[in-house]
Amino acid sequence: MRISTNYQFSTYQYNLQIADQNLVNISDQLSSGKKINEPSDDPVGFGQAISMQSLQAGIQQYVSNLNTANGSLGTADNTLSSMSTQMNQAYSLAVEGASSTMDQTSLNAIVSQISQIQSQIVNLANTQGPDGSYLFAGQKTSTEPYTVQGNTLVFNGDTNTINAEIGPGQTLQSNVLGEPMITTMYNNLETLKNDLSGGNTGAISDVDIANIQSSLSTISATRGQVGAKMQTISSLTSQYQVQSDNLTKNISNIEDVDMASAAVQYQEASQAYSAALSVVGQGSTLSLLDFIK
Amino acid sequence: MPGLFQGISTMNTALSAFQTALDVTGNNITNVNTVGYSRQVVQLNPMPSTLDNNHFVGDGVNLVSINRIQDQFLFAQQIQAASEDGRLSSLTSGLNNVQSLTNATSGASIGDNLTAFFNAWSALGSSPSDPALLQQVQQAGETLASSVQGMYSGLQQQATSTTSDISSTIQQAQGIVNTIAQLNQQIQAATVSGSEPNELLDERDQAVQQLSELMPVKVQPMQDGTVMLFSGQMTLVDQSGAATIPTTYDASTGSLTSGNQTYPMPSGQLGGLFQTSQKISSYQSQLDTLANTLRTQFNSIESTGINGLGQTGQNFFQDVPAGQPQTGAVDFQVDPAIVANPQAIATGVSGNPGDGGLALSMSNLRSTQIASLAGQTFGDFYSSFVSGIGQDAATAQSQSTTSAAVMQQIGQQISSVSGVSLDQELTNMLQYQRSYQAAAKALSVFDETTNDLINIIQ
């Protein structure tokens, strides 16, 4: 094949350019740590990576929703536990009142203690979460759910649930419905008070104590449900953590450069480039001109 | 019997031929770097012999012509490859620009904003009356809408600049066509007068090659040295001169149009620009689909609720009344009432502050397969949209790399045939120089012989 001077130099130029481009490409990957810097670098991988990233961001939101639900369920559980303490106290007082040795003055003293317990329970039933919403008001979270009118407790809330999204199409009830438990509890204490004032010790031991016991077991059943939910939350959270970690790993596999092999490729590209440079340097010095006197 | 000065006149033909050959060599060396220059060689023939005492003796050398060395077959390949290369390089640069509009790796892409928007609804679901979360939904909605609208308007700008590139390319092509027609005339005049217009031929080849980068070109050489040029069914140059290239076109079919004639431009930069413009409108229509589907899906849920201001029927994204054609991505935005006050966002149908049912339904759209998105979820639709753009760009890039390599290869073959080799020219130079010296020496011998003869007469 005939080699023209232009052929010789344009070949040098073309080869230099390719060697240079390879070197720049691999340096880009090494310095950014990513093999996908634009969608066209790997369209399929890129599509997978963005799907996984959005899945991961969604999971992070579910985890955040779980944390919020955990917070309000935790507050509700604490409140229920305090109610239970109050009711235990009421139980002791009722047992005391049921004994026939008490005189009416002592019974009246118990009545005022029960009244205090009642107002404590109303306070607890009106507990607000960190954002000021009422925990036991159903969906009417901005209305104080319990008010006392005369001797009756009035419920101003509703019995609708508040749900948190904890997965695609999956929700978890994050509020605790206090009705009819709280009203029943209040009314039981009201009856107890009446029986104490009337010195009706028989009714106390026959009916009131049993009612208080039944309220206590309702509270503890509700707390059991809350505890089960909190357990679900904790296991889902750690499950999501694992999923999210796996996604991070998979995204990294698609997007990130394998540093070891990139470093080797860089070595190769850089050698190819320097070889191309030295060919240009030496090839172009050869000319017939050097031999013509 | 030949005359006394026969030898001298024979040597004269040699001196003049070798002088011209040296000039041609010098001219080749001068043009070693000239783009499109074809090396020239002298064609030497022996002079017819004359009868000398029963013997025929040659009368010297005749420089018949100065030819340029060129391969028509390679040239035809080159202009075809140039058209393909022109198409791919303009398509690649167009698609690369589009690709950078996706903001794909910046963390601020439509996809990222879509995820953030769903997350905001998801968070709002369990605390529907939290003002901070309402504001978050409002802002995530605005960011999403503005990124969809922003990409659309970026594509629009790209389309506008493609349109102006198409016009200037047609103009440029017309200029080259005019030049070729002029060169045709000059070449014809020179050929008729019997000379070899090598430089003009090189110049015309260059012009044809430049034209072939802009549009597909077919060359038909004529007897008188002129060429006719065609692009598909359209005549560009014929014996009557340059034709006028239509400046009207239909980008969607990739054709120039004149009256009811259409001339498809499948290659050349013009072809690449038409294809870029087709791609851009397909991307724009996908964004329209995305925007309209977001409107329909979110509004149909949102408008059933009662918002914090006690209103019902409020849209989340601004939309035309039902039954009218939706407006697409160009004016995609959150409804002004919600922009003005996040309390206008409805989270439930009951109006209770704790009712987050609708917020959860909207968050649930994240994983809903939607018919108008070809049965995909919003996220999948976006992901296939962007990887489609990436795929288009990657295909164009790799084809463009191949076509550049093909161009390089053909260029080298042409260079191998037509290019000047300094070593060869220097060798030729030495050869002609020595030949000239020998002829001059012979001339001086003839001179002495003649001199001797004349001296005898004295």
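Structural data are supplied above this passage.
Now for a look at the structure at hand. As a convention, each chain's residues are numbered from 1 in the sequence order in which they are written. To label them, take the chains in the order written and letter them from A, then take the ligands in the order written and number them from 1. Totals for whole chains, interfaces and linings use all residues, but because this is a predicted model, local features are given only for residues with pLDDT of at least 70 and pairs of side-chain atoms are given and counted only at 80 or more. Hydrogen atoms and water are omitted, and side-chain values are computed over all heavy atoms in the structure.

### A short note on the overall build of chain A
Using the following cut-off: Helical segments are the DSSP runs of H or I of at least four residues, strand segments are the runs of E of at least two, and each set is numbered from the N terminus. In this setup the radius of gyration rests on C-alpha atoms only. A globule is expected at 2.2 Å times the number of residues raised to 0.38. The classification of residues rests on relative accessible area computed with a 1.4 Å probe and restricted to protein chains. Under 20% of the type maximum is buried, over 50% is exposed, and intermediate values are partly exposed. In this description, contact between two residues means that some pair of their heavy atoms is separated by no more than 4.5 Å. Working convention for charge: Lys and Arg count positive, Asp and Glu count negative, and His plus the chain ends are omitted. Here the site of a charge means NZ on Lys, CZ on Arg, CG on Asp, or CD on Glu.
For chain A, the helix and strand inventory stands at 6 helices and 4 strands. When the helices and strands of chain A are placed in sequence order, the string is α-α-α-β-β-β-β-α-α-α. At 39 Å, chain A has a C-alpha radius of gyration far larger than the 19 Å of a compact globule built from 293 residues. If you line up chain A on its principal axes, its C-alpha atoms span 140 × 30 × 25 Å. Across the 293 residues that make up chain A, the buried fraction comes to 40%. Considering only contacts in chain A between residues 6 or more positions apart, those separated by 24 or more positions represent 70%. Within chain A, one finds 9 positive and 23 negative side-chain charges whose respective centroids are separated by 14 Å.

### Observations concerning the pattern of salt bridges
Which entries qualify depends on this criterion: Any carboxyl oxygen of Asp or Glu within 4 Å of a side-chain nitrogen of Lys or Arg constitutes a salt bridge here.
Applying the stated rule across the entire model yields 10 salt bridges over all chains. Linking Arg-223 of chain A and Asp-77 of chain A is a salt bridge whose minimum nitrogen-to-oxygen distance equals 3.0 Å. In this pair, Arg-223 of chain A is assigned in helix α5 (residues 201–255) and Asp-77 of chain A in helix α2 (residues 43–98), connecting sequence segments 146 residues apart. Note on Arg-223 of chain A: relative accessible area 31%, which makes it partly exposed. The partner of Asp-392 of chain B in a salt bridge is Lys-279 of chain B, and the shortest N-O contact between them spans 3.4 Å. With a gap of 113 residues between them, Asp-392 of chain B in helix α9 (residues 378–418) and Lys-279 of chain B in helix α6 (residues 268–302) connect regions that are remote in the sequence. For Lys-279 of chain B, a relative accessible area of 29% translates into the label partly exposed. Connected through salt bridges with shared partners, the residues Lys-34, Glu-255 and Asp-256 of chain A form a single ionic network.

### Side note on the packing of helix α3 (residues 110–126) of chain B against α6 of chain B
All names here are of chain B. The line we're drawing: Axis definition: a line fitted to C-alpha atoms, over the contacting stretch in the case of helices. Angles run 0 to 180 degrees between N-to-C directions. Any angle between 65 and 115 degrees counts as roughly perpendicular, while under 35 counts as roughly parallel, over 145 as roughly antiparallel, and the rest as oblique. Polar here means any residue other than Ala, Val, Leu, Ile, Met, Phe, Trp, Tyr, Cys and Pro, which are nonpolar, and Asp, Glu, Lys and Arg, which are charged; Gly is therefore polar.
Two elements in contact, α3 and α6, have axes whose closest approach is 14 Å; the angle formed by their N-to-C orientations is 5 degrees. Relative to α6, the element α3 lies roughly parallel. Seen from α3, the contacting residues are Ile-110, Leu-114, Phe-117, Phe-118 and Trp-121; seen from α6, they are Leu-287, Leu-290, Leu-294, Phe-298 and Glu-302. Residues of the contact of α3 with α6, tallied by class, amount to 9 nonpolar, no polar and 1 charged.

### Quick word on the packing of aromatic side chains
For any two aromatic rings, the description comes down to two numbers: the centre-to-centre distance and the angle of the planes. All names here are of chain B. So the rule is basically this: Stacked, tilted and edge-to-face are the three classes applied to pairs of Phe, Tyr and Trp rings, where Trp contributes its six-membered ring and a pair requires centres within 6.5 Å; stacked means planes under 30 degrees apart, edge-to-face means over 60, and tilted covers the rest.
Per the stated rule, a full pass over the model turns up 19 aromatic pairs over all chains. Arranged with centres 5.7 Å apart and planes meeting at 50 degrees, the rings of Phe-117 and Phe-317 form a pair that is tilted. Of this pair, Phe-117 sits in helix α3 while Phe-317 sits in the loop between β12 (306–307) and α7 (336–340), and the two are 200 residues apart along the sequence. Overall, Phe-317 belongs to the buried group, its relative accessible area being 0%. In this structure an aromatic cluster arises from ring pairing among Phe-117, Phe-118, Trp-121, Phe-298, Phe-316, Phe-317, Phe-332 and Phe-378.

### A closer look at the interface of chain A and chain B
Basically, it comes down to this: We define buried area as the total accessible area lost by two parts upon association, computed with a 1.4 Å probe and summed across both. Here a polar contact means two N or O atoms within 3.5 Å. Within protein one must be a hydrogen donor candidate and the other an acceptor candidate, and residues neighboring in sequence count only if both atoms are side-chain atoms.
Counting residues at the interface gives 46 residues for chain A and 49 residues for chain B. Among the residues of chain A in contact with chain B, Arg-2, Gln-139 and Glu-165 of chain A are the three that bury the most area, contributing 16% of the side total. Where chain A touches chain B, the interface holds 0 salt bridges. Where chain A packs against chain B, one counts 20 residue pairs in polar contact (both at pLDDT 80 or more). Put simply, the parts of the chain that give the side of chain A that touches chain B at least two residues each are α1 (5–32), α2 and β3 (163–167) of chain A. Here the residues of the side of chain A that touches chain B sort into 17 nonpolar, 23 polar and 6 charged.

### What about the nonpolar core?
Selection criterion: Working definition of a nonpolar core: buried Ala, Val, Leu, Ile, Met, Phe, Trp, Tyr and Cys residues. They are joined through side-chain atoms within 4.5 Å.
With 107 residues, the main nonpolar core has Trp-121, Leu-287, Phe-298 and Phe-317 of chain B as its most contacted residues. A total of 18 residues in this core trace back to one element, the largest contributor, which is α2 of chain A. In contact with Phe-298 of chain B, other than residues within four places in its own chain, are Phe-117, Phe-118, Trp-121, Phe-317, Met-362, Leu-365 and Phe-378 of chain B. By size, the runner-up hydrophobic cluster in this structure holds 27 residues, among which are Ile-166, Leu-214, Leu-256 and Met-265 of chain B.

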